[in-house]
Amino acid sequence: MANGIAETAPAASSAAPAGTWRTEDWIAVYLGFFVILATLVLFNTKLIDLGQVAPSFRWTTDAQIASRAPDWNAALESVPAAAPLRQALLGNDRKAIEAAAAQLAKAAGRNTVAGTLASEIRGHAAATPSKVFAWPNLAKALWIALAWGVVAAAGVLLIGGTAGAFLAGFPAVFALAWLARVLAGNGLFIDYGVEYVIFALLTGLLVSNTIGVPGWLKPAVQTEFYIKTGLVILGAGLLFMEVLQAGALGIVQAVLVVTVIWYVCFWLARKLRVDDDFAAMLSSSVAICGVSAAIATCGAIQGDKKKLSYVTSLVLIVAVPMMIVMPWLAKKFQMPDLVAGAWLGGTLDTSASVVAAGALISDAAMKTGVIVKFSQNALIGVAAFILVLWWAYKAGAKSGTKTDAGIIWERFPKFVLGFLAASVLFSFFLPAEAVNGTRSALTEFRTWWFALAFVSIGLETRFVDLATMEGGRPALAFIAAQLVNVVWTLLLAYLLFGGILFPLPNIS
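Residues numbered from 1 in each chain as written. Predicted model: local features only at pLDDT ≥ 70, side-chain atom pairs only at ≥ 80, totals over all residues. Heavy atoms only, no water.

Please clarify how the overall build of the protein should be interpreted in this entry.
For the protein, the helix and strand inventory stands at 25 helices and 0 strands. Computed over C-alpha atoms, the radius of gyration of the protein comes to 23 Å, within 12% of the 23 Å expected from 2.2 N^0.38 for 508 residues, which places it in the range of a compact globule. Counting only C-alpha atoms and orienting by the principal axes, one finds that the protein spans roughly 75 × 55 × 50 Å. Counting the 508 residues in the protein, one finds 53% classified as buried. For the protein, the proportion of contacts with a sequence separation of at least 24, taken over those separated by at least 6, is 79%. Summed over all atoms, the accessible surface of the protein reaches about 21500 Å², with 68% contributed by carbon and sulfur. (Helix = DSSP H or I, 4+ residues; strand = E, 2+ residues; numbered from the N terminus. Rg over C-alpha atoms; globule rule 2.2 N^0.38 Å. Buried < 20%, exposed > 50% of the residue type's maximum accessible area, 1.4 Å probe, protein only. Contact = heavy atoms within 4.5 Å. Areas by Shrake-Rupley, 256 points an atom, 1.4 Å probe, with all protein chains shown as cover.)

Even after reading the chapter, I still don't get the pattern of salt bridges, so can you show me in this structure?
Pairing is possible between side chains of opposite charge, provided their charged atoms come close. What the rule picks out here adds up to 8 salt bridges. One salt bridge connects Arg181 with Glu444, and the closest N-O pair in it is separated by 2.9 Å. With Arg181 in helix H8 (residues 163-184) and Glu444 in helix H23 (residues 432-460), the pair connects residues that are 263 residues apart, well separated along the chain. The buried category is assigned to Arg181, whose relative accessible area is 11%. What makes Glu444 buried here is its relative accessible area of 7%. A single salt-bridge network, built from bridges that share partners, covers Glu24, Asp25, Glu224 and Lys228. (Salt bridge = Lys/Arg side-chain N within 4 Å of Asp/Glu carboxyl O.)

Got a minute to help me understand the packing of helix H7 (residues 135-159) against H23 in this structure?
Any two packed helices are characterised by the angle at which their axes cross and by the distance between the axes. It is the contact of H7 with H23, at a shortest axis distance of 12 Å, that shows an interaxial angle of 70°. The angle between H7 and H23 falls in the class roughly perpendicular. Judged by the twist between their axes, the crossing of H7 over H23 is right-handed. Across the interface between the two elements, Ile144, Trp148, Val151 and Ala152 from H7 touch Glu444, Phe445, Trp448, Trp449 and Leu452 from H23. Residue composition of the contact of H7 with H23, by class: 8 nonpolar, no polar and 1 charged. (Axes fitted to C-alpha atoms, helices over the stretch in contact; angles between N-to-C directions. Parallel < 35°, antiparallel > 145°, perpendicular 65-115°, else oblique. Left-handed = near helix turned anticlockwise from the far one by under 90°. Nonpolar A, V, L, I, M, F, W, Y, C, P; charged D, E, K, R; others polar.)

How should I be thinking about the packing of helix H11 (residues 223-234) against H23 in this particular structure?
Two elements in contact, H11 and H23, have axes whose closest approach is 8 Å; the angle formed by their N-to-C orientations is 155°. Here H11 lies roughly antiparallel to H23, going by the angle between them. Seen along the crossing, H11 lies across H23 with a hand that is left-handed. Here H11 contributes Thr223, Tyr226, Ile227, Thr229, Gly230, Leu231, Ile233 and Leu234 to the contact with H23, which in turn contributes Leu442, Arg446, Trp449, Phe450, Leu452, Ala453, Phe454, Ser456, Ile457 and Glu460. Residue classes in the contact of H11 with H23 are distributed as 12 nonpolar, 4 polar and 2 charged.

In this structure, what is going on with the nonpolar core? I would like to understand it.
Counting residues in each nonpolar core, the largest one holds 147 residues, and the members touching the most others are Trp148, Tyr226, Phe426, Trp449, Leu452, Phe454 and Leu459. In terms of residue count, H23 provides more of this core than any other element does, 15 residues in total. Once residues lying within four places of it in the same chain are set aside, the contact partners of Leu452 are Trp148, Phe170, Val173, Phe174, Ala177 and Tyr226. If you look at the next biggest cluster of nonpolar residues, it comprises 17 residues, including Ala69, Trp72, Leu85 and Leu117. (Core = buried A, V, L, I, M, F, W, Y, C linked by side-chain atoms within 4.5 Å.)

Honestly, H11 in this entry has me stumped. Any pointers?
Across its 12 residues, H11 extends 16 Å between first and last C-alpha, which sits within 8% of the 16 Å expected from 1.5 Å per residue. When you tally the buried positions in H11, you get 12 out of 12 residues, the bulk of the element. Taken as a whole, H11 has its buried residues at Thr223, Glu224, Phe225, Tyr226, Ile227, Lys228, Thr229, Gly230, Leu231, Val232, Ile233 and Leu234. (Expected span 1.5 Å × (residues − 1).)

How should I be thinking about the packing of aromatic side chains in this particular structure?
The relative placement of two aromatic rings is captured by the distance of their centres and the angle of their planes. Here the structure, examined in full by the defined rule, presents 20 aromatic pairs. Ring centres of Phe174 and Trp448 lie 4.5 Å apart, and the angle between their planes is 15°; this geometry places the pair in the stacked category. You can see Phe174 sitting in helix H8 and its partner Trp448 sitting in helix H23, a full 274 residues away along the chain. The exposure classification of Phe174 matches that of Trp448, with both residues buried. Ring-pair connections join several aromatic residues into one group, and the members of that group are Phe57, Trp148, Phe166, Phe170, Phe174, Phe225, Tyr226, Phe445, Trp448 and Trp449. Above the face of the Phe43 ring, Lys46 is positioned so that its terminal group lies 4.0 Å from the ring centre. One residue, Arg181, lies across the ring of Trp448, its end atom 4.8 Å from the ring centre. (Phe/Tyr/Trp six-rings, centres within 6.5 Å; stacked < 30°, edge-to-face > 60°. Lys NZ or Arg CZ within 6 Å of the ring centre and 35° of its normal.)

Can you walk me through H7 in this structure?
The α-helix winds at 3.6 residues per turn, so residues separated by three or four positions along the chain end up facing the same way. Compared with an ideal rise of 1.5 Å per residue, which puts 25 residues at 36 Å, H7 spans 35 Å between its outermost C-alpha atoms and is within 8% of the ideal. Two residues or fewer past H7, Gly160 is found with a positive phi of approximately 120°.

For this particular structure, what's the right way to read a nonpolar patch on the surface?
On the surface, a cluster of nonpolar side chains totalling about 490 Å² of accessible area is made up of Leu188, Tyr192, Ile324, Val325 and Trp328. Of all elements in the fold, only helix H9 (187-192) and helix H16 (305-332) reach the threshold of two or more residues within the nonpolar patch. It is H16 that contributes the most residues to the nonpolar patch, 3 residues altogether. (Patch = residues over 30% accessible without salt bridge, like charges linked within 9 Å, V, L, I, M, F, W, Y side chains within 5 Å.)

Next up, the structure:
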């Protein structure tokens with residue numbers, strides 16, 4: 001495909017006419033709620049221990065622990081209770097290190113530097129590589145692969161695709177997603193906040209830019225289908241009351257970031273002669289929450305899927321240096337924890353990256369970042385609705401046709417409704433016991449859908465197209481807007497979370 005980002009099979013959704021219950025958006029809603037309801041049933045019936053469904057991906061080598069031991073010992077030097085742990089670190093005995101770290105973590109407490117560091121050391125010591133590759137752990141991943149393959153194939157069949165062709169390639173896509181999670185589970189990458197989405201993208205890129213994507217694999221490369229289903233499940237983790245109780249400051253910052261940065265990016269894109277559809281997807285990805293917002297925008301404006309693939313790849317590639325550099329800058333310039341967290345939450349594009357980067361600074365920074373990021377995530381539906389109205393009236397003005405409620409409804413991305421419905425269900429209608437009891441399992445389940453999606457993005461992307469599409473102008477607009485975002489969000493973080501305009505919120 002000369003002008004495209006990827007050579008993939010036609011999207012399964014093209015087989016069904018728009019406006020029916022069998023579009024890709026609707027099927028993503030059905031599948032997402034099937035996973036949610038099945039998880040709730042398993043929780044209530046206790047048929048499966050949901051706490052044991054997630055495979056372990058964390059691993060740290062003996063050499064890595066030995067290389068980190070001097071730094072850990074130096075950090076614990078002033079802590080009298082850390083003497084047994086420091087002695088164990090000198091001996092390089094993993095079992096002794098794990099036991100001593102557990103004792104110190106319990107004695108020091110969770111909200112102390114010593115307790116946090118001890119928990120980190122314990123996690124590294126306990127994460128032997130052999131546990132990741134042990135059969136019981138591998139079996140968990142295989143069961144999820146089987147379940148997700150059946151669920152996704154049913155969705156492809158309902159949309160109008162060929163389930164057999166999809167299932168022929170799905171194991172390979174899942175294997176790449178599994179490999180990405182294994183790579184991201186290494187202790188070094190965990191400490192630096194490099195998460196699985198980056199490795200999922202890189203594994204896909206490695207295939208697509210070396211041997212190419214074979215024909216039998218292409219039907220299973222369904223980026224939007226995977227991520228839309230994952231986004232519906234993500235709604236179960238976005239609890240309105242948690243966002244509101246955490247404070248209005250996060251919501252204020254989210255609104256100001258989204259509004260200003262969206263228009264800045266759109267203006268820059270226009271100045272660089274990027275078309276409006278492309279500019280809208282770029283703007284949403286920068287201003288709201290990366291890939292998810294770009295896909296919601298593409299659905300709202302009925303945009304070009306080739307351009308969407310470009311935007312999603314660009315988001316993830318730019319995210320890599322940001323996840324590493326921003327926490328380092330926050331510590332280098334000794335930013336207040338709340339300010340640093342708000343800065344990370346407003347600029348990094350996924351909740352997982354915010355958690356990982358914030359944890360490198362402090363618990364308070366991590367919590368503040370999550371508050372801001374959740375507030376921005378909650379704006380996906382609002383942004384999609386505004387874009388639907390704008391693009392519908394814009395299209396109507398060009399064609400001379402009247403824009404009515406039916407046209408607006410047809411344009412609105414239905415998976416966003418699923419995302420909002422799941423959030424409402426878990427925020428207001430389910431007991432706290434069910435919400436808390438299914439949280440970790442649903443997080444694991446949606447992570448698999450996202451991992452499949454990010455592998456697919458890599459498989460759809462060619463470096464040469466990223467560099468040459470429209471002369472590189474979209475990439476330039478995105479990067480320039482991201483730089484503005486970094487500065488603007490930092491200013492807002494100081495004003496709102498630095499005690500300048502308002503009293504410091506109680507986040508510890």
